[in-house]
Amino acid sequence: MDILRRIKLRNKIFLLCAVLVLVTTVLIQASSWWTSNRFNQKQLQQQIDNAEAVLKQYLSAQESLLVTTAKVLAADFGFIRAVATSESQTIQSALENHGNRISADVMALTDMSGKVLSSTTDDLSLETELGASSVQKLIANPAKAMFVTLGSRIYQLILIPVKAPHTIAYTIMGFEIAQHNVSDLKTLTGLDISFFQSDKHLLSTTIRSQSFDEFRSALNQQRTDWFFINRPAYLTQDVALDSATEQPVSVLLISSLAPLYKQYDDILLNNSSLALIVALMASFLSVFFARSLTIPLHKLAKIADAYAKGHYLKNVEIYGGEEVSNLQRAFRDMGQEIRQREDEISYQAKHDIRTGLPNLQTIRAILTEHLNPGVRVILIAINIHNFRQINDRLGSDIADACLRTLANRLRGMKLDMLCSGRLEGAEFFSAIYADETRSPMLIVDEYLSELENAFTVADLRIKLDISAGVTLYPENGIHADTMLRRTSIALDAARKEKQRIHCYEDGEDEMHMQRLAMMESLRKIILSDGGDGELFMVYQPKVHLDGYEDIRTEALIRWRRENNSFVSPELFVNLAEEASLIVDLTRWVFETVFKQLKQWHSEGNMFGAAINVSAQDLAQPGFEEFAMECCQRYGVAPKYVTIEITERDIMHDEATVVMALRSLKQFGFTIAIDDYGIGQSSLAKLKGLPVDEIKLDKSFIMHLNQSPKDQLIVRSTIEMAHGLGFDVVAEGVENSESLDLLKQFQCNQVQGYYISKPIAADAVAEWRKNYVEEPSQMRTITGSQYSKRS
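Residues numbered from 1 in each chain as written. Predicted model: local features only at pLDDT ≥ 70, side-chain atom pairs only at ≥ 80, totals over all residues. Heavy atoms only, no water.

Chemist: Where do I start with the overall build of the chain in this structure?
Modeler: Per the secondary structure count, the chain includes 27 helices and 27 strands. When burial is assessed residue by residue, the chain has 45% of its 790 residues classed as buried. Here the chain has roughly 41400 Å² of accessible surface; of this, 53% comes from carbon and sulfur atoms. (Helix = DSSP H or I, 4+ residues; strand = E, 2+ residues; numbered from the N terminus. Buried < 20%, exposed > 50% of the residue type's maximum accessible area, 1.4 Å probe, protein only. Areas by Shrake-Rupley, 256 points an atom, 1.4 Å probe, with all protein chains shown as cover.)

This is how it looks when you write it as structure tokens:
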């Protein structure tokens, strides 16, 4: 230690630099060697991979030639007739002719069991030398080239069935892989190649031994010495070939490592010499810069330490030449930029980028800090109903301008604001201190009126349609998270019920959590293929009024929970849409209904079924293909399936939905508009839709016999539909008087409780039998003995 203290600082720097440069140089050399080694190994592996690809391409070319020739032979009418009539001379001639065209070494015809009937190779016996299991493997893999060994020779064989039109025999042809082929492969790949089977060394471009294991062991024992390192002499890689024999035929690719080692040794020698020279020069030069660097570096270290503690404005005078001054200036600029970026990152983490308002996390933090006993706060969450229309029709720039305008109005509110922010999408939030002199509803109304005032964007007069959910602190909760959740629940209720203002009511939070629990339960049931019978289908018959006896049904889904309580279909379908499960639910319905149709048809009951779909289903890529796949998988013709969609869903995404409906109609499905008459579709759009029938909503049918207005609407709608070429289905038939009127109006089909309630699938056939034999009595049946609905 005393010696070190007496050494001058510049000498210490010299020693330190010399050691560091030497260590760095060694590390660089090691890294260079390692990098070069990896690169060369990759190149070598690439060479082997390329050789493997060439080998496979070579064998694939022979396979293609065999497949083409075999298919031509198997399709030859004269050959097929000769095989069918056992004309041995014709068969032999055909085999020889086709074999000569491609110089095939094996041409044979076998019966269905693999026994050779005719062959151009007299000295080979497929049954004895190849083995029955190998022949059966060839039969099990027609038109696929496979390798076999017959004696000590290797053959690439292919088998093609001879059909007339059913398979009556098999033709086998192939090439022998001989020594000249192996030599050609070596020329193409640049590597030595050996073919082997288990311990048999079949072919080789090097020395061929009796035992392949001994040959491989000899290769692995070949080593080259380098200092104290013992290096392998060869790199090998096995390539397994598709084989029909129990012991597969494989190829060993062999690459010599000698050129690679020579390149390594030359690089190491040159780099080591250069590294030593550089290390000496760097060490000597370090002495001249030691004094000019130590003091400035020490001061710069102090500046860096200050920056690390967040003191970005620390400034120290440093004298040490232009470079040091530039470095000091760079440090100062870096500190200012880091501070600016930190401020920007902190701002972006707490605010919405588009509007500049606080985001949800910041709102939660503000509420957590300020919601204290003794204060009363009104919490308001708002949603812009018509934001989507503004975005779709006027463009995203106008929509963003509307959001910014709304944000500016929130900032300029004259109310006693605690905070305002943006939640997500078109949802905003505000917290307002309550005024004891005014009711909270008056404050909320003033707040909304200010936001609802029309404004101008890009010369367009825009008025926002806003709904609000409202909670009161501390009446509706005391925790920030609870208040935010309940305010959001109130907003959802206002949006669903189309209210301008909805105040949170006790129990809505619990109902919300219950809905979430039901969503999760429904998700698990769908993923488990309907659960333990919790999801099931019932079918409501539809009958023709024009004399046809064939029965159509509407497939209706039901959910019976584990406690045997039923969930309303309208409720759980809405839950499925909210939870993005509707597509999975619809696919489950398709699978279940098609399975039932298959069963009906196998029993001779050619019933049809209508399946309700949503706009989300039709917008799903591949939905039409899925529907056709169900038809093919279950053997049900598309004409037995009706796809029903409501007017509302058609208007949801008209272009996409109409395109999907056209595809389904082209496939042969019947397309129906459900709940017709209560939607928003115009006659102009109706005539252009690819539909086959319309279903009059039950609101027009249930009291048809009592309402002249309904009768006028129904009669005119039926006449219009017939004029457009559509069939008409009336749902909701509840009495005989309404049924008689529909007959008078020439309605095509009817369904309703007067005809039958929704019934179980196994009751539909019985219902049809009773309806056909005793229709008048059948129409008085309540359907309870068939129904499994809630």
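Chemist: What exactly am I supposed to notice about the side chain of N605 here?
Modeler: Along the chain, N605 falls in the loop between α18 (582-602) and β22 (608-612). Dropping the residues within four chain positions of it, N605 is found in contact with W600 and A765. (Contact = heavy atoms within 4.5 Å.)

Chemist: Help me out: how do you make sense of the environment of E520 in this one?
Modeler: As for its placement among the helices and strands, E520 is situated in helix α16 (residues 508-527). Overall, the relative accessible area of 36% leaves E520 in the partly exposed class. For the pair E520 and A576, spaced 56 residues apart in sequence, the C-alpha to C-alpha distance is 9.8 Å.

Chemist: How should I be thinking about the packing of helix α13 (residues 396-411) against helix α14 (residues 440-452) in this particular structure?
Modeler: A pair of packed helices can be characterised by two numbers: the angle between their axes and the separation between those axes. Two elements in contact, α13 and α14, have axes whose closest approach is 10 Å; the angle formed by their N-to-C orientations is 140°. With respect to α14, the axis of α13 lies oblique. Between α13 and α14 lies a crossing of right-handed hand. Across the interface between the two elements, L406, R409 and L410 from α13 touch Y447, E450, L451 and E452 from α14. Of the residues assigned to the contact of α13 with α14, the class counts are 4 nonpolar, no polar and 3 charged. (Axes fitted to C-alpha atoms, helices over the stretch in contact; angles between N-to-C directions. Parallel < 35°, antiparallel > 145°, perpendicular 65-115°, else oblique. Left-handed = near helix turned anticlockwise from the far one by under 90°. Nonpolar A, V, L, I, M, F, W, Y, C, P; charged D, E, K, R; others polar.)

Chemist: What is the right way to read the sheet that holds strand β2 (residues 116-119) from this model?
Modeler: Through backbone hydrogen bonds, the strands of a sheet pair up, either in parallel or in antiparallel fashion. As summarised here, the arrangement of the 5 strands in space is β2-β1-β5-β4-β3, forming an open sheet in which the pairing is antiparallel. The sheet is open, and its two borders are formed by β2 and β3 (146-150), each paired with just one other strand. Taking the axes of each pair of neighbouring strands and ignoring which way they run, one obtains an average angle of 30° across the sheet. As paired elements, strand β1 (residues 106-110) and strand β5 (residues 167-177) share 5 bridges and run antiparallel to each other. Counterpart to A108 in the pairing with β5 is I172. (Pairing = 2+ DSSP bridges.)

Chemist: Would you mind showing me how to read the sheet that holds strand β13 (residues 417-424) here?
Modeler: The 5 strands are arranged β13-β14-β12-β17-β18 in an open sheet whose pairing can be described as mixed. Two strands close off the open sheet at either side, each with one partner strand: β13 and β18 (501-503). Here the strands of the sheet are splayed against their neighbours by 20° on average, with no regard to which way each runs. Docked against the sheet, α13 engages β12 (377-384), β13 and β14 (427-433), running at close to 5° with respect to β14.

Chemist: Just checking my understanding: could you explain the nonpolar core for this structure?
Modeler: Nonpolar side chains tend to gather and get buried jointly when the protein is soluble and globular. Core analysis: the largest hydrophobic core is formed by 86 residues, its most contacted members being F590, F594 and F669. For this core, the leading source of residues is α18, giving 10 residues. Counting 34 residues, the second-largest nonpolar core is a separate cluster that includes I384, L403, A407 and F428. (Core = buried A, V, L, I, M, F, W, Y, C linked by side-chain atoms within 4.5 Å.)

Chemist: What am I meant to see in the pairing of strand β19 (residues 535-544) here?
Modeler: Each regular strand shows side chains that alternate between the opposite faces of the sheet. Counting buried residues in β19 gives 10 out of 10 residues, a clear majority hidden from the surface. By the alternation rule, side chains of β19 split into L535, M537, Y539, P541 and V543 and F536, V538, Q540, K542 and H544, which are all buried. Two elements, β19 and strand β27 (residues 749-751), share 2 bridges in a ladder whose sense is antiparallel. Within β27, the residue paired with V543 across the bridge is V750.

Chemist: Would you mind showing me how to read the packing of aromatic side chains here?
Modeler: Each aromatic ring pair is described using two quantities: the centre-to-centre distance and the angle formed by the ring planes. Summed over the entire model, instances satisfying the criterion amount to 10 aromatic pairs. Ring centres 5.8 Å apart and planes at 50° place the aromatic pair F590 and F626 in the tilted group. Linking F590 in helix α18 with F626 in helix α20 (residues 623-634), this pair joins segments that are 36 residues apart in sequence. Just above the ring of F196 sits the side chain of R216; from NZ or CZ to the centre is 5.5 Å. Over the ring of F626 we find R587; its NZ or CZ atom is 4.3 Å from the centre of that ring. (Phe/Tyr/Trp six-rings, centres within 6.5 Å; stacked < 30°, edge-to-face > 60°. Lys NZ or Arg CZ within 6 Å of the ring centre and 35° of its normal.)

Chemist: I would appreciate a short explanation of a nonpolar patch on the surface in the present structure.
Modeler: Where nonpolar side chains cluster on the molecular surface, the patch consists of V19, V23 and L27 and spans about 270 Å² of accessible area. Locating V23 in the fold gives a position in helix α2 (residues 9-75). (Patch = residues over 30% accessible without salt bridge, like charges linked within 9 Å, V, L, I, M, F, W, Y side chains within 5 Å. Salt bridge = Lys/Arg side-chain N within 4 Å of Asp/Glu carboxyl O.)

Chemist: Please clarify how the side chain of H201 should be interpreted in this entry.
Modeler: Tracing the sequence through the fold places H201 in strand β7 (residues 200-204). On the accessibility criterion, H201 (3% relative accessible area) is buried. A distance of 3.2 Å separates the side chain of H201 from the side chain of S194, its partner in a polar contact. Every residue in contact with H201, bar those within four places of it in the chain, is listed here: S194, F195, I207, R208, S209, Q210, F212 and F215. (Polar contact = N/O pair within 3.5 Å; in protein donor to acceptor, adjacent residues only side chain to side chain.)

Chemist: It is not clear to me how the pairing of β12 should be interpreted in this structure. Could you clarify?
Modeler: Extensive coverage of β12 is indicated by the burial of 8 of its 8 residues. The alternating pattern of β12 places V377, L379, A381 and N383 and I378, I380, I382 and I384 on opposite faces, both of which are buried. With 8 bridges joining them, β12 and strand β17 (residues 466-473) adopt antiparallel strand pairing. By the bridge assignment for β17, I380 is matched with V470.

Chemist: For this particular structure, what's the right way to read the environment of S243?
Modeler: Structurally, S243 can be placed in the loop between β10 (234-240) and β11 (249-256). Once residues within four sequence positions are removed from consideration, S243 is found in contact with K137, M146, F147, P248 and V249. In this structure the side chain of S243 is engaged in a polar contact, spanning 3.0 Å, whose partner is the backbone oxygen of L241. From its side chain, S243 meets the backbone nitrogen of V249 in a polar contact 2.8 Å long.

Chemist: I would appreciate a short explanation of helix α8 (residues 212-221) in the present structure.
Modeler: Along α8, the residues classified as buried are F212, F215 and L219. One face of α8 carries all of its buried residues, which in axial projection span an arc of 60°. In α8, those exposed residues whose orientation departs by more than 90 degrees from the buried face are E214 and Q221. Buried residues along α8 sit against β6 (192-197), β7, β10 and β11. The N-cap of α8, judged by a side-chain oxygen 3.5 Å from the amide nitrogen of D213 a few residues on, is S211. (Arc of directions from axis to C-beta.)

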